[in-house]
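# Examination of the molecular architecture
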Amino acid sequence: MQILVIGSGGREHALAWKIAQSPKAAKVWAAPGNVGISEVAECVNISASDIRLLADFAERKRIDLTVVGPEVPLTLGIVDEFERRGLRIFGPRKDAAIIEESKVFAKIFMKKYRIPTGFFQSFDRAEEATRYVKEIGVPLVVKADGLAAGKGVIVCFELTEALDAVKKIMEERLFGDAGDRIVIEQYLEGEEVSFHVLTDGDTVLPLASSQDHKRVFNDDQGPNTGGMGAYSPASAITEPMNQQIMERIMIPAIRGMAAEGRPYKGVLYAGLMIGSGEIKVLEFNARFGDPETQPLLLRMKSDLVPLLEAVVDGRLRDHTIDWRPDASVCVVMASRGYPGPYDQGAPITGLKEAAAEPGVMIFHAGTNRTKDQTLTGGGRVLGVTGIGRDIHGAIATTYRAVKKIHWEGAHYRTDIGVRALSRIS
């Protein structure tokens, strides 16, 4: 098979790396890809959002399966276009990807189908939102309705913070058109976890659990990011909770989308809050999480390609997924300034030494390469991912590799996976 992976981040590097291991993958392509992906796939310089050119390329190269990494091409209708041309592609159609594209849609949808979530109100006028904030008080959460690369969520503990969040999103256009509408919702206390399922629209097959770390600094301080690290499995999710999540959240979501006339195929990822004996949905995403994908795929024993094909072809009921019993940890190394304006072009040293560590895989997210150097080229630069017999071993392995990598202004959290250690102790 010839397989095309669309995207250029750490998630896509992990997908391409895993797909390339499949006996079914004769050739792996990536568009546009990145420095790390180029080691396991042939990269072509086509933007992930140029739907027509991507479809033309897939037709010309007779691509057997296309796998979409990021959310933007999904919301632009890449699956619709590929299917129109008779091309096999993994991911939801545009009308189903709205579950991530619009926070307002997702919240209304959850309320309609009794999927547990926090109370909320949506607004398209700043003055009405401001009035509501003053009425309900804090703490609360302000979210841009549209896509904002994982950064469109502002948690507010002071009234001035909440009023400022409304102003920045709706009046100062911090997230552009994504802030035309906002959701103001209940602040939920507890522990945040990530839960992914594969679905062909009928069968719903869970992946292993994971936990992301959204805030930029240790102890969950600072602004939200696209994700500063993750680990799997998430010790906060017990087997009874796993069953509850499937029965009360994931399966009703897939059934609900079908009832709405928006059949959902692909991967559905729920950000969940576990607290006070309850599990509630923070958000739904229409693609694999980044950086959760990195530790998940390091733990996956099964061949990924037949699973992706089964989703596309409606045969997922015939499949199960085997997992390594080990734990895996991903630590994101970021450029100075991230998640705000960040530096680029800093030479990176120690990559070979870090990659030589047993049980370590380094996934590239934002790098460039000159003739003899690898340089930083994004906010999130690397996802250093390690595996160990347990969470303690996975943390030690990963940070041992992280400490070998250097560039000016590099920063990363030093507490990825610490919650799991605390729970064990």
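The notes below deal with the structure included here. (Residues numbered from 1 in each chain as written. Predicted model: local features only at pLDDT ≥ 70, side-chain atom pairs only at ≥ 80, totals over all residues. Heavy atoms only, no water.)

### A closer look at the overall build of the chain
For clarity, the threshold we go by: By the criteria applied, helices consist of DSSP H or I runs no shorter than four residues and strands consist of E runs no shorter than two, each listed in order from the N terminus. The globule rule used here is 2.2 Å times the number of residues to the 0.38 power, and the radius of gyration it is set against is calculated over C-alpha atoms. Buried residues are those whose accessible area, probed at 1.4 Å on protein chains only, stays under 20% of the maximum for their type, while exposed residues exceed 50% and partly exposed ones sit between those limits. Here the Shrake-Rupley method, with its probe set to 1.4 Å, supplies the accessible areas, and only the displayed protein chains count as covering residues.
Within the chain one finds 14 helices and 23 strands. The C-alpha radius of gyration of the chain comes to 21 Å, within 12% of the 22 Å expected for a compact globule of 425 residues. Split into buried and exposed, the 425 residues of the chain put 58% on the buried side. Only carbon and sulfur atoms are counted for the fraction: they give 48% of the accessible area of the chain, which is about 17400 Å².

### As for the nonpolar core
The line we're drawing: Definition used in this section: a nonpolar core is a set of buried Ala, Val, Leu, Ile, Met, Phe, Trp, Tyr and Cys residues joined via side-chain atoms within 4.5 Å.
Core analysis: the biggest nonpolar cluster contains 52 residues, and Ile78, Met250, Leu268, Leu272 and Phe284 have the highest contact counts within it. Residue contributions to this core peak at seven residues, all from helix α9 (residues 239–259). Counting 37 residues, the second-largest nonpolar core is a separate cluster that includes Val5, Val311, Val312 and Met361.

### Some words on the environment of isoleucine 78
Filter applied, for reference: In what follows, a contact means two residues having at least one pair of non-hydrogen atoms within 4.5 Å.
Within the fold, isoleucine 78 resides in helix α4 (residues 78–84). Classification of isoleucine 78 as buried rests on a relative accessible area of 0%. Along the backbone, isoleucine 78 and leucine 54 are 24 residues apart, and their C-alpha atoms lie at a distance of 8.6 Å. Excluding its chain neighbours within four sequence positions, the residues that come into contact with isoleucine 78 are Ile6, Ile51, Leu54, Val68, Pro73 and Ile89.

### Some thoughts on the pattern of salt bridges
For clarity, the cut-off: For this analysis, a salt bridge means a side-chain nitrogen from Lys or Arg found within 4 Å of a carboxyl oxygen belonging to Asp or Glu.
Taken as a whole, this structure holds 36 salt bridges when the rule is applied. Glutamate 278 is the partner of lysine 280 in a salt bridge, and the nearest nitrogen-oxygen pair spans 3.9 Å. The class for lysine 280 is buried, based on a relative accessible area of 18%. A salt bridge links aspartate 415 to arginine 413, with the shortest nitrogen-to-oxygen separation between them at 2.8 Å. Neither aspartate 415 nor arginine 413 differs from the other in exposure class; each is buried.

### With respect to the side chain of serine 232
Filter applied, for reference: By the criterion applied in these results, polar contacts are pairs of N or O atoms within 3.5 Å in which, for protein atoms, one can donate a hydrogen and the other can accept it, and in which residues neighboring in sequence qualify only through two side-chain atoms.
Looking at where serine 232 falls in the secondary structure, it is placed in strand β15 (residues 229–232). A polar contact of 2.9 Å, which involves the side chain of serine 232, links it to the side chain of arginine 299. If we skip the residues at most four places from it in the chain, serine 232 touches Ala208, Ser209, Ser210, Pro295, Leu296, Arg299, Asp326, Ala327 and Ser328.

### Quick notes on the environment of glutamate 161
Summarising the element assignment, glutamate 161 is placed in helix α8 (residues 159–171). Between the C-alpha atom of glutamate 161 and that of leucine 268, which follows or precedes it by 107 residues, the distance is 32 Å. Separated by 2.9 Å, the side chain of glutamate 161 and the backbone nitrogen of glutamate 158 make a polar contact.

### So, the packing of helix α5 (residues 94–101) against helix α6 (residues 103–112)
Counted only if it meets this: Axis definition: a line fitted to C-alpha atoms, over the contacting stretch in the case of helices. Angles run 0 to 180 degrees between N-to-C directions. For classification purposes, angles smaller than 35 degrees are called roughly parallel, those larger than 145 roughly antiparallel, those between 65 and 115 roughly perpendicular, and all remaining angles oblique. Classification used: nonpolar for Ala, Val, Leu, Ile, Met, Phe, Trp, Tyr, Cys and Pro, charged for Asp, Glu, Lys and Arg, polar for all others including Gly.
Following both chains from N to C, one finds α5 and α6 inclined at 95°, their axes separated by 6 Å at the closest point. With respect to each other, α5 and α6 are oriented roughly perpendicular. For the pair formed by α5 and α6, the contact residues are Ile98, Ile99, Glu100 and Glu101 on the first element and Lys103, Phe105, Ala106 and Phe109 on the second. For the contact of α5 with α6, the class distribution of residues is five nonpolar, no polar and three charged.

### Structural notes on the sheet that holds strand β22 (residues 374–376)
Stated formally: Strand pairing requires that DSSP identify at least two bridges connecting the strands.
Read from one edge to the other, the open sheet built from three strands follows the order β19-β22-β21, with strand pairing classed as antiparallel. Strands with a single pairing partner mark the edges of an open sheet, and in this sheet they are β19 (347–348) and β21 (367–369). Pairing of β19 with β22, which is carried by two bridges, proceeds in the antiparallel orientation. Across the sheet, residue proline 347 finds its bridge partner in β22, namely leucine 375.

### Comments concerning the packing of aromatic side chains
Convention followed: Aromatic pairs are defined between Phe, Tyr and Trp rings, using the six-membered ring for Trp, whenever the two ring centres lie within 6.5 Å; interplanar angles under 30 degrees are classed as stacked, those over 60 as edge-to-face, and all others as tilted.
Scanning all chains against the criterion turns up eight aromatic pairs. Here the aromatic rings of tryptophan 17 and phenylalanine 363 are separated by 5.5 Å at their centres, their planes lie at 75°, and the arrangement is edge-to-face. You can see tryptophan 17 sitting in helix α1 (residues 10–20) and its partner phenylalanine 363 sitting in strand β20 (residues 360–364), a full 346 residues away along the chain. Grouping residues by exposure puts tryptophan 17 and phenylalanine 363 together as buried. Seen in terms of ring centroids, phenylalanine 90 and phenylalanine 288 are 6.1 Å apart; in terms of plane orientation they differ by 20°. Their pairing is stacked. Taken together, the positions of phenylalanine 90 in strand β5 (residues 89–90) and phenylalanine 288 in the loop between β17 (278–285) and α10 (293–299) put the pair 198 residues apart, joining distant regions of the chain. For the pair phenylalanine 90 and phenylalanine 288, one class covers both residues: buried. Aromatic ring contacts, followed pair by pair, group Phe105, Phe109 and Tyr113 into a single cluster.

### Things to note about unusual backbone geometry
Cis geometry is found at the peptide bond from alanine 31 to proline 32, where omega equals -5°. If you trace the backbone, proline 32 turns up in strand β2 (residues 27–32). Note the cis peptide between serine 232 and proline 233, where omega equals 0°. Along the chain, proline 233 turns up in the loop between β15 and α9.

### A word on the pairing of strand β7 (residues 140–144)
Most of β7 sits out of view: five of its five residues are buried. Burial of the side chains of β7 extends over both faces: Leu140, Val142 and Ala144 are buried on one face and Val141 and Lys143 on the other. Bridging between β7 and strand β9 (residues 182–186) involves five bridges; their strand directions are antiparallel. What sits directly across from valine 141, in β9, is glutamate 185.

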